[in-house]
Amino acid sequence: MVGYPAQRISLQAELLRLALRFIKNRRARRTVAIATVRRRLKRIERFVPRPPAGTLTTAIDGSGVNAVRIAVPAARSDRCVLYFHGGAYTIGTAKLLRDFTWRIGAAARAYVLYFDYRLAPEHPFPAAPEDAVTVYRWLAQEFHPRRIAFVGDSAGGGLALGTLYKLRDEGMALPAALVAVSPWTDLALTGPSLKLNAATDPMLNVAILPALANGYLGRADPRNHYASPLYGDATGLPPTLIHVGSDEILRDDAIRMAEKLRAAGCEVEIEVWPRMPHVWHLFARVLPEGRHGIARIGTFLQQRL
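For the structure given in this document, a descriptive report is provided here. These figures come from a predicted structure and were not determined experimentally.

### Considerations on the packing of helix α3 (residues 98-108) against helix α9 (residues 288-302)
Where α3 meets α9, the axes come as close as 7 Å, and the angle between the chain directions of the two elements is 45°. By the angle between their axes, α3 is oblique relative to α9. In this structure, the crossing between α3 and α9 has a hand that is right-handed. Taking contact as the criterion, the partners of F100, R103, I104, A107 and A108 in α3 are, on α9, I294, I297, G298, L301 and Q302. Among the residues forming the contact of α3 with α9, the class breakdown is seven nonpolar, two polar and one charged.

Take a look at the structure:
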């Protein structure tokens, strides 16, 4: 394991933790329907900062899967990051993430392709990995697989790993690298940190995970390795970087996945960042640790693309 060196976290991170904990405690008092959450997030989209001047954002039809290509001025035309968004398989839009995707592109000096996989519970497993495989097959006609990397956060990190299993099992050439940020890899919910960090995680509420997992799985086995990559054979997967916060309830999903990869002979680095919230990279505009994390991801990807 490669642990991020211990250091005092920033004042911005301390304030963010307080704000996230306040929101988490308010949400814990009531159940909000997924449709309501989506409507609220749709209203927030207009307030998400746009990418810097010179960034080209283009809607793409990825063989029937809606996608958006983000091209920053520094992006090389021969490399691309396929981005798997999080949101517990139930939410996620390109506009909500537009202040993050361009940062990944700038750090990796690559195009970024965000894609909209079908969302649960309307479209349960295996809809999401099917869409991911479809868009990768399309992308692999535009870029050499050795010039493609996967980046995924939270559920998107688990989806990216499950997609790699599927591509490998179907005999497809795999991308050059994977980055998984706070990945959800075990929908059977067996990680010790689900209990150990239930009180310290400032953002995620462990009580809602069973409903989210069941909504995505439908009738599938929670240990199906395409849905829960922790239970798969990781042999042959590409070099992988994993980031996770020390207080996250999903900390052990990340650590055990890194152990699984290492046991299979894969190249893997995992960084456990002290007291960082779930997918803190998304707060890079206000959080120094978010910008630092993205820079480390960029270094990892540039060395492999």
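What follows picks up the thread again.
### Overview of the pattern of salt bridges
All told, the structure shown has 19 salt bridges when counted by the stated rule. Here E45 makes a salt bridge to K42, at a shortest N to O gap of 3.4 Å. For K166, the salt bridge is made with E170, and the minimal N-O distance between the two is 3.9 Å. Take E170: its relative accessible area is 38%, and that puts it in the partly exposed class. Residues participating in the shared-partner salt-bridge network are R76, D78 and R147.

### Quick look at the pairing of strand β4 (residues 110-115)
Among the six residues in β4, six count as buried, and that is most of the element. Here four bridges tie strand β2 (residues 65-71) to β4, and the two strands are oriented antiparallel to one another. Looking at β4, one finds that I70 is bridged to V112. Pairing of strand β3 (residues 76-84) with β4, which is carried by five bridges, proceeds in the parallel orientation. Opposite V81, over in β4, you have V112 as the bridge partner. The parallel pair β3 and β4, bridged by α3, forms a crossover whose chirality is right-handed.

### Quick notes on a nonpolar patch on the surface
A contiguous nonpolar patch, built from L11, L15 and L18 and spanning about 340 Å² of accessible area, is present on the exposed surface. Note that L18 resides in helix α1 (residues 11-27). A residue is classified by how much of its surface remains accessible, and L18, at 59% relative accessible area, is exposed.

### Re helix α5 (residues 155-169)
Along an α-helix, a turn takes 3.6 residues, which lines up residues three or four apart on a common side. A rise of 1.5 Å per residue sets the reference length of α5, with its 15 residues, at 21 Å; its end C-alpha atoms lie 21 Å apart and thus fit the reference within 8%. Most of α5 is tucked away: twelve of the 15 residues are buried. Taken as a whole, α5 has its buried residues at A155, G156, G157, G158, L159, A160, L161, G162, T163, L164, Y165 and L167. As for α5, its buried residues are in contact with β3, α4 (127-142), β5 (148-153), β6 (177-181), α7 (209-217) and α8 (251-263). Two residues or fewer past α5, G171 is found with a positive phi of approximately 80°.

### Quick notes on a positive patch on the surface
Together, R26, R27, R30, R39, R40, R43 and R46 line one region of the surface with positive charge. In terms of residues, the positive patch owes the most to one element, helix α2 (residues 34-44), which gives three residues. Summarising the element assignment, R26 is placed in helix α1.

### What to know about the packing of aromatic side chains
Within this structure, the stated rule accounts for twelve aromatic pairs. Ring plane angle 85° and centroid distance 5.1 Å describe the contact between F84 and F115, whose orientation is recorded as edge-to-face. Here F84 is found in strand β3, whereas its partner F115 is found in strand β4, with 31 residues between them in sequence. Of the residues examined, F84 reaches a relative accessible area of 0% and is grouped as buried.

### Considerations on the pairing of β3
Summarising the sheet, β3 and β5 pair through five bridges and their orientation is parallel. The residue of β5 that forms the bridge with C80 is I148.

### Side note on the environment of F84
Considering only alpha carbons, one finds F84 and G293, 209 residues apart in sequence, at a separation of 17 Å. Not counting the four nearest positions on each side in its chain, F84 is found in contact with F115, A132, F150, V151, G152, D153, G156, L159, A160 and T163.

### A short note on unusual backbone geometry
Look at the link from A120 to P121: it is a cis peptide, with omega at 0°. A cis amide bond links F125 to the next residue, P126, at an omega of 15°. Relative to the helices and strands, P126 is located in the loop between β4 and α4. In this structure, S154 takes a positive phi of about 55° despite not being glycine. Within the element layout of this structure, S154 appears in the loop between β5 and α5. Classification of S154 as buried rests on a relative accessible area of 8%.

Thresholds applied
Residues numbered from 1 in each chain as written. Predicted model: local features only at pLDDT ≥ 70, side-chain atom pairs only at ≥ 80, totals over all residues. Heavy atoms only, no water. Axes fitted to C-alpha atoms, helices over the stretch in contact; angles between N-to-C directions. Helix = DSSP H or I, 4+ residues; strand = E, 2+ residues; numbered from the N terminus. Parallel < 35°, antiparallel > 145°, perpendicular 65-115°, else oblique. Left-handed = near helix turned anticlockwise from the far one by under 90°. Contact = heavy atoms within 4.5 Å. Nonpolar A, V, L, I, M, F, W, Y, C, P; charged D, E, K, R; others polar. Salt bridge = Lys/Arg side-chain N within 4 Å of Asp/Glu carboxyl O. Buried < 20%, exposed > 50% of the residue type's maximum accessible area, 1.4 Å probe, protein only. Pairing = 2+ DSSP bridges. Right-handed = clockwise from strand over helix to strand, strands pointing away. Patch = residues over 30% accessible without salt bridge, like charges linked within 9 Å, V, L, I, M, F, W, Y side chains within 5 Å. Areas by Shrake-Rupley, 256 points an atom, 1.4 Å probe, with all protein chains shown as cover. Expected span 1.5 Å × (residues − 1). Lys, Arg positive; Asp, Glu negative; His and termini not counted. Charge placed at Lys NZ, Arg CZ, Asp CG, Glu CD. Phe/Tyr/Trp six-rings, centres within 6.5 Å; stacked < 30°, edge-to-face > 60°.

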